[in-house]
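One letter stands for each residue in the lines below.
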Amino acid sequence: MTPTAPKPPFYITTAISYPNGVPHIGHAYEFIATDAMARFKRLDGHDVFFLTGTDEHGQKMLHTAQKEGITPLALAKRNSDFFQATQDKLGISYDRFIRTTEADHYAAAQAIWKRMEEAGDIYLDKYEGWYSVRDEAYYGEDETVVREDGKRYSIETDTEVTWTEEESYFFRLSAYQDKLLKLYEDQPDFAAPRTRFNEVISFVKGGLADLSISRTTFDWGVPVPGSPKHVMYVWVDALTNYLTGVGFPDTGTDSYRKWWPADVHVIGKDISRFHAVYWPAFLMSAGLPLPKRVMIHGHLYNQGVKMSKSLGNVIAPADWVQQYGLDQMRFFLLREVPFGADGSYSHEAIVGRMNADLANNLGNLAQRSLSMVAKNCAGQVPQPATLAPEDHELLARTERLLEKSRAAYEVQDFHGSLEAIWSVLGDTNAYFADQAPWVLRKTDVERMNTVLYVTLEVLRIVSILVQPVMPTSASRLLEVLGQPEGEARDFAAIGTALVPGTVLPAPQPIFPKYEEPAAD
RNA sequence: GGGGCGGUAGCUCAGCCGGUCAGAGCAGAGGACUCAUAAUCCUUUGGUCGUGGGUUCAAGCCCCACCCGCCCUACCA
C-alpha cells in the first residue's frame, strides 16, 4: 500500500431536537441523512466527529413537566433517552449525543456569552409587547386584535395576549448586517440549497433588529453569568451545543483544535435563520471561527399533506423500521427526495423503491449471479479470461461512481449518488441478459466465468458505495461477496479487484420484496 | 404590498448560457428469455412542455400579462 496524505477531519452535526414530544419521521430524516454523510466520510478515510442530541431548556419543557408533576430535568431525561434510543434504532453512528443540561454545556454557553459581552455586543434593556403565554411569543400591536369580549388576541394564533414588559439582555445583531452580507458573498456555499440561502440573504438585507437573548419569566435554562435571575433564551443556549460537543470553552484542547469549525450543520428549513444569521453573528462576536456550511433540508409530507397530530398522520420512525425494514427506509428517504427540497412519502412510493430498486435491480442481480457462481464455479470467485470491450466499459462506468459519489456527497446530494449507482445497476442487468452466462455455461465456460466475474466486481463496488445509506444490507452483500470487514470495505479498496478463487458463502436473498398483508 | 420558487407523458421528475429539447425512471401494453426474489432484457404508449401575447431565422428554455400551488418578507385595520 502506498502511503497517502491524511485526509482532513470532518465534523458534522444535526440540529439538536426539542424533546417535548416524541421523534417523528422528520427527525429521522435528518438523522439518517447526516448519518449517511458521516459514514461516507469515514469510509473515504476521514476522521469524523458526528454530534447530535437534545435541546432541553425552555418554558415548554417546564410547563409539560409541571403538568406531569415531575421535574423538568426528569422530563428532559426521559424524553431525551427516547430520542437517543430512536437514533440507535435507526443505526445513527453519532460520536456524542449531547444534552444541553450537561455541565460542560452550561460552561460553554456561559463562556460564549461572556465573550460576546466582552465584545460589547450584549446590553440590558426592556423587552415589551403583547405577550401570549401559550405561544411564548411577543406580538406587535398590528398582529393583535381586540375582540368583543374586550380582550386582545393574537390574530395569527388566536391566543390571548397581555402587555408585558420584561427586562432582557439583547445581542447587538444590528451591528452584524454588513459582516454577514460579506460572509454570504465571500462564501456562496455557506448555506445551501441556494433558494433557501437567498431567503436568508434577503432577510438580512432587509435589516436586522437586536435580539432578545434572555428571559426572567422562568428559570429552566442556563443562568446568565453575573445575572442569575436571567436565563439564556433558546438560541445562545441551543446553538452553542455545536461548540460544547468538541470541547469548548477550552479552545486549547486537541479535540477543539481538531474539530472546530464544523464542516456541516445539517438542519431543517424551519431553523435556517438561526443557523445562517444568528449563529455566525454570535461566533463573529465571540471571535470564533465560523462553520463552513449550513445544509438546509426540506420537510417531509405525508402524500403531500403536512404531518400533524390533529390529522393523525404523524409517523413514528420505529413503525417504518418495523414495516419496511431499516435499510429500506433509509434508502427510500435518501433516494426518493433530492436533499434540500421538500419531499413526499406514501406507502406506494416506499414499496415501489423497495421492490423495484432494492429487491429487483440490486437484490436479484446479486442473487442470480451468485447462484450461478455457487452452482457453476464451485462457489469460488471465478477466474476471468481476457476482458472484452463491454467488460471494460461496464467496469469503467462502475469505477467512476466513486468520484461521482464524492462530488455528490460534497454537497449532500445523496439522491444524485444513488441515482448514478442505480443507473449502473441497470446497465449491469442489461449486460447480464445480453451476455447470457446461462447460455455460455454450455458453449464457452471461460467467457461465462468472465461475465460472472465482472458482474461480481460491479456488485462489490456498488456494495461498498452503498454502505453509508444501507449499512446492514451492504455489509451482508459484502459478506456473500467474500469481502471481510475492515479495509476491504473502505473506499480505498474499490480499486482492489476480487481475487479469483476466493471461497464464497452460499448466496441468500438480502432485499426481501414487500408483500402486502393479505387483505379481506 | 415586496421578493422568490414551481406548474413538462397516468405518477415522480431531467432538460446548463435559446437551434436532435420533446426526455428518464416508475406504472401500463406487447414480445423474449429462464441464471435469478414471477425477477431480468427488448420494444412500446405520442404529453399543444399552466394560459394568452411578444422578441427571434429559431423558445419549455428570453420578455410581458394572467391563472394555479408553495415559500420568504413587510410598523397596509
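Bear in mind that the values here come from a model prediction, so they are computed numbers and not experimental data.

Undergrad: I would appreciate a short explanation of the protein's contact with RNA strand B in the present structure.
TA: Inspection of the region around RNA strand B gives 26 residues, with Arg273, Asn364, Arg368, Lys375 and Phe511 positioned closest. Backbone atoms, meaning sugar plus phosphate, form 73% of the atoms of RNA strand B positioned within 4 Å of the protein. Arg368 is positioned such that a nitrogen or oxygen atom in its side chain is 2.6 Å from a base nitrogen of RNA strand B. Contributions of two or more residues to the surface near RNA strand B are made by helix 6 (194-205), helix 13 (347-376), helix 15 (414-435) and helix 16 (437-443). Of the residues forming the surface near RNA strand B, the biggest block, 10 residues, is contributed by helix 13.

Undergrad: Whenever I open this one, the packing of aromatic side chains confuses me. Can you help?
TA: Each aromatic ring pair is specified by the distance between its two centres and by the angle formed by the two planes. All told, the structure shown has 26 aromatic pairs when counted by the stated rule. Ring geometry for Phe40 against Tyr409: centres 3.8 Å apart, planes inclined by 15 degrees, an arrangement best described as stacked. Taken as a pair, Phe40 in helix 1 (residues 25-43) and Tyr409 in helix 14 (residues 389-410) lie far apart in primary sequence, 369 residues in all. Residue Phe40 shares its accessibility class with Tyr409, and that shared class is buried. Seen in terms of ring centroids, Phe339 and Phe414 are 5.0 Å apart; in terms of plane orientation they differ by 70 degrees. Their pairing is edge-to-face. Of this pair, Phe339 sits in the loop between helix 12 (326-336) and strand 18 (343-345) while Phe414 sits in helix 15; the two residues are 75 residues apart in sequence, bridging distant segments of the chain. Through pairs of rings, three or more aromatic residues link up here, namely Tyr11, Phe49, Tyr242, Trp259, Trp260 and Trp279. Taking NZ or CZ as reference, Arg215 lies 3.8 Å from the ring centre of Tyr233, over its face. The ring centre of Phe203 lies 3.8 Å from the NZ or CZ of Arg273, which sits over that ring.

Undergrad: What is the right way to read the pairing of strand 2 (residues 48-54) from this model?
TA: Summarising burial for strand 2: seven of the seven residues are buried, a large majority. Judged by which residues are buried, strand 2 turns out to be covered on both faces: Val48, Phe50, Thr52 and Thr54 on one side and Phe49, Leu51 and Gly53 on the other are all buried. Looking at chain direction, strand 1 (residues 10-14) and strand 2 are connected through four bridges and run parallel. Counterpart to Thr13 in the pairing with strand 2 is Leu51. Remark: the strand 1/helix 1/strand 2 crossover connection has right-handed handedness.

Undergrad: For this particular structure, what's the right way to read the pattern of salt bridges?
TA: Two side chains that carry opposite charge are able to pair once their charged atoms sit near each other. Applying the stated criterion across every chain yields a total of 25 salt bridges. Among the ionic pairs, Asp186 bridges to Lys182, the shortest N-O distance being 2.5 Å. You can see Asp186 and its partner Lys182 sitting in helix 5 (residues 177-186), four residues apart, about one turn around the helix. Residue Glu393 pairs with Arg397 through a salt bridge whose shortest N-O separation is 3.4 Å. Pair noted here: Glu393 and Arg397 are both in helix 14, with a separation of four residues, about one helical turn. For Glu393, a relative accessible area of 48% corresponds to the partly exposed category. Through salt bridges that share partners, Lys7, Asp44, Glu403 and Arg406 make up one connected network.

So, how was this worked out
- Residues numbered from 1 in each chain as written.
- Chains lettered and ligands numbered in written order.
- Predicted model: local features only at pLDDT ≥ 70, side-chain atom pairs only at ≥ 80, totals over all residues.
- Heavy atoms only, no water.
- Near = heavy atom within 4 Å.
- Polar contact = N/O pair within 3.5 Å; in protein donor to acceptor, adjacent residues only side chain to side chain.
- Helix = DSSP H or I, 4+ residues; strand = E, 2+ residues; numbered from the N terminus.
- Phe/Tyr/Trp six-rings, centres within 6.5 Å; stacked < 30°, edge-to-face > 60°.
- Buried < 20%, exposed > 50% of the residue type's maximum accessible area, 1.4 Å probe, protein only.
- Lys NZ or Arg CZ within 6 Å of the ring centre and 35° of its normal.
- Pairing = 2+ DSSP bridges.
- Right-handed = clockwise from strand over helix to strand, strands pointing away.
- Salt bridge = Lys/Arg side-chain N within 4 Å of Asp/Glu carboxyl O.

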